[in-house]
Amino acid sequence: MGYELDMINRDPNGLNDHVRVLFDEVLGEPDGAHSINCVWNCAYKCFNCCKGCCYKFLTLLCGIPLAICWGCEFAYITFWHVWYVTPCMRIYMINCGCLQKFYGTCLQCYCQPLFEAYSYCFSNIRVTNYSG
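In this report, the structure presented in the accompanying data block is examined.

About the criteria used
Residues numbered from 1 in each chain as written. Predicted model: local features only at pLDDT ≥ 70, side-chain atom pairs only at ≥ 80, totals over all residues. Heavy atoms only, no water. Helix = DSSP H or I, 4+ residues; strand = E, 2+ residues; numbered from the N terminus. Rg over C-alpha atoms; globule rule 2.2 N^0.38 Å. Buried < 20%, exposed > 50% of the residue type's maximum accessible area, 1.4 Å probe, protein only. Areas by Shrake-Rupley, 256 points an atom, 1.4 Å probe, with all protein chains shown as cover. Salt bridge = Lys/Arg side-chain N within 4 Å of Asp/Glu carboxyl O. Phe/Tyr/Trp six-rings, centres within 6.5 Å; stacked < 30°, edge-to-face > 60°. Disulfide = S-S within 2.5 Å.

### What to know about the overall build of the chain
Link 1 in the chain: Scanning the chain from N- to C-terminus turns up 2 helices and 0 strands.
Link 2 in the chain: For the chain, the C-alpha radius of gyration of 35 Å lies well beyond 14 Å, the compact-globule estimate for 132 residues.
Link 3 in the chain: Each of the three principal axes of the chain carries a C-alpha extent, and together these read 100 × 60 × 25 Å.
Link 4 in the chain: Considering the chain as a whole, with its 132 residues, one finds that 2% of them fall into the buried category.
Link 5 in the chain: By element, 67% of the accessible surface of the chain is carried by carbon and sulfur atoms, the whole surface being about 12,700 Å².

As structure tokens, this is what we get:
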């Protein structure tokens, strides 16, 4: 397969930057409204511990089944595109090329001589302005 899983940076493309949640992005005490330092420190530790434990529990419970579901979903999408969408697009492009040639031929055979004839008829028209 040739692809090695990076166990340190698990979101190298920044797919989930929008759900990055740190303590100071959720809670903040403005100047003049500070709790006791030990409360703030304990709240920080509790927040991070609960968030980490709950996340790990949910991934343990749901991570593998959801990975299987998403793997199947993307396999289906890939299958659909490889075996249906891309061939349909290719047929469409082939037909559009054929129609483009047909349309161009019709314009050259029918419209171009007609417009050339009109241009010869109207080419001798002279406009003179009289100021009077």
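### Quick look at the pattern of salt bridges
Link 1 in the chain: This model, assessed by the stated rule, comprises 1 salt bridge.
Link 2 in the chain: With its nearest N and O atoms 3.4 Å apart, the salt bridge here joins E25 to R20.
Link 3 in the chain: Judged by relative accessible area, E25 falls into the partly exposed class, the value being 42%.

### Focus on the packing of aromatic side chains
Link 1 in the chain: Applying the stated criterion across every chain, the model contains 7 aromatic pairs.
Link 2 in the chain: For the ring pair W70 and F74, a centre distance of 6.2 Å and an interplane angle of 40° mean the geometry is tilted. Here the residue W70 and the residue F74 both occupy positions in helix α2 (residues 37-122), the gap between them amounting to 4 residues, near one helical turn.
Link 3 in the chain: The class for W70 is exposed, based on a relative accessible area of 53%.
Link 4 in the chain: Look at Y76 and W80: their rings are 6.2 Å apart centre to centre, the planes differ by 25°, and that puts the pair in the stacked class. Of the two residues, Y76 and W80 both sit in helix α2, 4 residues apart, roughly one turn of that helix.
Link 5 in the chain: Residue W80 is classed as partly exposed on the basis of its relative accessible area, which comes to 36%.
Link 6 in the chain: Through pairs of rings, three or more aromatic residues link up here, namely F23, W40, Y44 and F47.

### Considerations on the environment of L114
Link 1 in the chain: If you trace the backbone, L114 turns up in helix α2.
Link 2 in the chain: The class of L114 is partly exposed, set by a relative accessible area of 43%.
Link 3 in the chain: Taking the C-alpha atoms as reference points, L114 and G52, 62 residues apart in sequence, are found 78 Å from one another.

### A closer look at the state of the cysteines
Link 1 in the chain: Inspection of every chain in the model, using the stated rule, returns 0 disulfides.
Link 2 in the chain: The closest cysteine sulfur to the non-disulfide-bonded C42 is located on C46, 3.9 Å from its own sulfur.
Link 3 in the chain: The thiol of C50 is not disulfide-bonded; the next cysteine sulfur, from C49, is found 5.5 Å away.

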